[in-house]
Amino acid sequence: MATGGGDVIGDVVTWLTDPSHWTDTRFDTGIITQLLAHVRFCAMALLIALAIALPLGLFIGHTDRGRWLVAAANALRALPTVGVLVLLTVIISPQFQGRTDTGFLIPTVIVLVLLAVPPILANTFAGVQNVDPGVRDAASGMGMTGSQVLFRVELPISLPLIFSGVRSAALQLIATATVASYLPLGGLGRFIYDGLAQQDYPQMIGGGVLVAALALLTDLVLATVQRYVVSRGITGRYANERTAVPDSRLAVLPEAEVARG
Amino acid sequence: MIRFDSVTKRYPDGTVAVDDLELVAASGQITVLVGPSGCGKTTSLRMVNRMIEPTSGTIWLDDEDTASMATHELRRRIGYVIQHAGLFPHKTIVDNVATVPFLLGTDKKRARSTAMELLERVGLPAHFAKRYPAQLSGGQQQRVGVARALAADPPVMLMDEPFSAVDPVVREQLQDEFLRLQQDLGKTIVFVTHDIDEAVKLGDQVAVLRVGGHLAQVATPAELLSRPVDAFVAGFVGRDRGYRALGFATAGTLSTRSEPTVATGAPLPTGSDDDWLLAVDGARAPQGWLDMRASAPAGATVTDGLLHRGGTLVTQGGSLRAALDACLSSPSGRGVVVDEGGALVGTITAAEVLELIEAREPEPRT
Ligand SMILES: Nc1ncnc2c1ncn2[C@@H]1O[C@H](COP(=O)(O)OP(=O)(O)OP(=O)(O)O)[C@@H](O)[C@H]1O
Ligand SMILES: [Mg+2]
C-alpha cells in the first residue's frame, strides 16, 4: 500500500484516458453519458431551486417579512441526504410503476433542490438586506415604486452575494448528485459506487476526479457569467481612465469668504 | 410653497417627534430647520415627501394636499438629498444623476445630456460622468447627490444634512456653491441641519425646533441672532451671536484712506514711515503685507515669500463682520477694502468699523 501511491495515480490516469471508458459499450455506460446524466440532475435541481429561492429571497429581503423561512430553509441542510432520498424513493417510486426512471428521478431532484435552496435563499436575502439603507432611502425618496426599488437597486446591488450563493449551491449539487447512483440512476456516482463494489479503485477514484473536474468547470463558467453581469461599480473593476491630470478638487474661492464674511 | 398645517407625528412607540407644527416654507427661498439632535427635523422633512406619514395635520404643496397624491408621483416632483448622498453604487455618475428623468420616461439620450449639464453646474468635470460612486470623494459624491435631486427640475428640494459628512473646508465650498446655484435656480428648499452656523449662513428663514418637536422660533437669520425669543433659542444660537449678527449688517460704503503700495516683483523699497507696506499685483489686487522692519539684502525684490498673507479682505459694501475681521486679521491693524473686481480701494481701521457698529440702529432688521 505504502509503495503503491505512484501506481494508483498511474492506474487512474490509465482508466481516465482509455477511450473505451468514454463511450457506451454493450455492457457498460460510458463517461460521456454518465456526465450528461449528472449535469442533467444538477441543472434541473439548480433551476428549480433558483425558481424557488430567488423570488422568495428577494421578497423576504425587500419586505423584511417571513425571515423565519430563511432560518427554516437553513435547518433543512441538517437532513441526512441519503436518508431523505431513500424515504422519498420508498414513497414516490411505487407511484410510477413501469416508468422506474421517473420514479427515481423525482426523489433525487427533490433531495438536490432541498440542498440548493438554502444557500441561494440565505444569500439573496442577505444581499438585499445589506443594501445601504441610505441608498434604499434615496431610491424610494426619488419616487421609485417598491418593485422599481427592488429590481433597479436592490437586486443589482445584491448580485455578488446572490452569485456566491448560486455557486456554492452548484458545487454542493455536483458533489451530492453522486447519491443518485445509490438508486438505479446514472451519473458520475455510478463509477464511484461500481468501483467501490468491484474493488476497482482506479474507476472509483477516476469517478471522483471527474466530479471534481465538473465542479471546477461549472464554477469557472458561473464566475465568468458573474463577471459580466455584476456592475463594475460594485466589483471595483473600473474601466481604465486616463487620469494624468489629478482631480481638480475645486480651488478654495477667496471671494466667497469675503462676500459672506 | 410648502405649508405645514398643525402637523403632528407620533411614532408607534409613543414618541412625539413633531408636535403641532405650523410652518410655511416660502417659494423660491431656503427654509432651514435647525435644532438639537432628536428634535424632529428629519421627521418633519420626510413628512413632506411622505417618506413618513403624519399622524395628523396636513402638508400642502402649493394648494395641493400632499396626502391626496400617489406617493411616487409626489416624490418625483420633489428633489431629495440625504446625508451620505445615497448614490447607486452600480450605476455610473451620469446615470445616477439621470435617475428621475429615466423614471419619468425621458428619452435616455436627452436625460444623459441634461445630467452632463448638471454635473458641470455642481462643479464636477465631465470625465467624472463615466465613473462609479466609489471612485469619488465624499464631497464629490455629495455634489452628485445635489445634481441628481435637480435632474428633473423639481420646484421643491428637501435636503437632510447634505453637507455634514464632509470636512469643514469642503463643507464651506459646498455651501458657497449651493448658494450660488440657488441664486440661479430659485427653488423652494427645506434644508435640515443641526449646525446653527450653517443655518444662519444658508437660510432665508430659519426655524429652530426644540426636543419634543416644538417649533421655538421662525425668523430671518439676522433676527434670530439679534432677538432670540427665549433662553433655549438664545443658548442654541450661541454665545458669539452678537458678533455673528454683524455678518448680516452691511457696512454701507466704507470711507477708506488710501494706502501706499508696492508692486510685487518691484525692487524692495527702503525706508518707510510705517512698519507694514501693502503689496499689490499688476491688477492692483492686494497680495499681502511686507514687513519693513525685517532686514533684506540690498537689491532684493518683493517676492511672495516675503509677504504676510494672514489678513482677510472686505469687499466694498460687505458686512460689518467682514470689515471688522479684515481689520483684526491684518498685521498692520488696517483692514484692506477691495472693490467687486478684487482691486484695492483703500484701508480702514478697527476703530472706524466700531464707530459704524455703534452708529447702527439699535434693533437691526434685514
Ligand atoms: N421610526 C421611529 N420610531 C420611533 N421613534 C422615532 C423613529 N424615528 C425617529 N424617532 C424619534 O423621533 C424623534 C425625532 O427624530 P428625528 O430623526 O426627526 O430627529 P432629528 O431632529 O432629525 O435628529 P438628528 O439631528 O439626530 O438627525 C427622536 O426622539 C427619535 O428618537
Ligand atoms: Mg436627522
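Here chain B is described in UniProt, under the heading Sequence similarities (unreviewed entry), as follows: "Belongs to the ABC transporter superfamily."

Of the comments in the UniProt record for chain A, the one headed Subcellular location (unreviewed entry) reads "Membrane".

(A) Layout of the interface of chain A and chain B. Taken together, the contact between chain A and chain B spans 34 residues of the former and 44 residues of the latter. Joining chain A to chain B, the criterion identifies 1 salt bridge. Residue aspartate 137 of chain A pairs with arginine 46 of chain B through a salt bridge whose shortest N-O separation is 2.6 Å. Put simply, the parts of the chain that give the side of chain A that touches chain B at least two residues each are helix 7 (133-141), helix 8 (146-176), helix 11 (232-235) and helix 12 (254-260) of chain A.

(B) Structural detail: the environment of glutamate 22 of chain B. All names here are of chain B. Looking at the element boundaries, glutamate 22 is found in strand 2 (residues 16-25). Considered as a pair, glutamate 22 and leucine 215 are 193 residues apart in the sequence and their alpha carbons are 7.9 Å apart. Ignoring anything within four residues of it in the chain, the contact list for glutamate 22 reads Phe4, Asp5, Ser6 and Leu215. One polar contact links the side chain of glutamate 22 to the main-chain amide nitrogen of serine 6, over a distance of 3.1 Å.

(C) Representation of the confidence of the model for chain B in the model. All names here are of chain B. Looking at chain B, the pLDDT average stands at 90 and 98% of residues meet or exceed 70. For chain B, the element scoring lowest by mean pLDDT is helix 11 (residues 241-245), at 80; helix 3 (residues 93-97) scores highest, at 97. Interface confidence for the predicted complex, expressed as ipTM, amounts to 0.82; the pTM equals 0.81.

(D) The arrangement of a nonpolar patch on the surface in detail. Taken together, the side chains of Val82, Val86, Leu87, Val90, Ile91 and Tyr182 of chain A present a nonpolar region at the surface, about 540 Å² in accessible area. Judged by its relative accessible area of 57%, valine 90 of chain A is exposed.

(E) Examining the UniProt feature "transmembrane region" (unreviewed entry) in chain A more closely. Residue and element names in this part refer to chain A. Mapped onto this structure's residue numbering, the UniProt feature "transmembrane region" (unreviewed entry) falls at residues 41-62, 68-92, 104-129, 173-193 and 205-225. Counting secondary structure, residues 68-92 comes out at 84% helix and 0% strand; the distance between its end C-alpha atoms is 29 Å. With 100% helix and 0% strand, residues 205-225 has end C-alpha atoms that lie 30 Å from one another.

The rules behind these values
- Here, residues in each chain are numbered from 1, in the same order as that chain's written sequence.
- Throughout, the order in which chains and ligands are written sets their labels, letters from A for the former and numbers from 1 for the latter.
- Under the rules for a predicted model, residues below a pLDDT of 70 receive no local features and side-chain atom pairs below 80 are neither given nor counted, while totals for whole chains, interfaces and linings still include all residues.
- The basis for every side-chain value is the complete set of heavy atoms in the structure, and neither hydrogens nor water enter the calculation.
- UniProt positions are given in the numbering used here, feature names are shortened, and annotations may be inferred rather than shown by experiment.
- Residues are treated as being in contact if the distance between any of their heavy atoms lies within 4.5 Å.
- A pair is scored as a salt bridge if a Lys or Arg side-chain nitrogen falls within 4 Å of a carboxyl oxygen belonging to Asp or Glu.
- Where helices and strands are cited, they refer to DSSP runs of H or I of at least four residues and of E of at least two residues respectively, numbered from the N terminus.
- Whenever a nitrogen or oxygen atom comes within 3.5 Å of another N or O atom, the pair is scored as a polar contact, on the condition that within protein one atom can donate a hydrogen and the other can accept it, and that pairs from neighbouring residues in sequence are kept only if both atoms are in side chains.
- Confidence of the predictor in every single residue is expressed as pLDDT, which spans 0 to 100.
- What makes a patch is a set of residues exposed beyond 30% relative accessible area and free of salt bridges, joined within 9 Å when like-charged and within 5 Å when nonpolar (Val, Leu, Ile, Met, Phe, Trp, Tyr).
- Computed by Shrake-Rupley with a 1.4 Å probe, the accessible areas treat only the displayed protein chains as cover when residues are assessed.
- Exposure categories follow from relative accessible area, calculated using a 1.4 Å probe and restricted to protein chains: below 20% of the type maximum is buried, above 50% is exposed, and the middle band is partly exposed.

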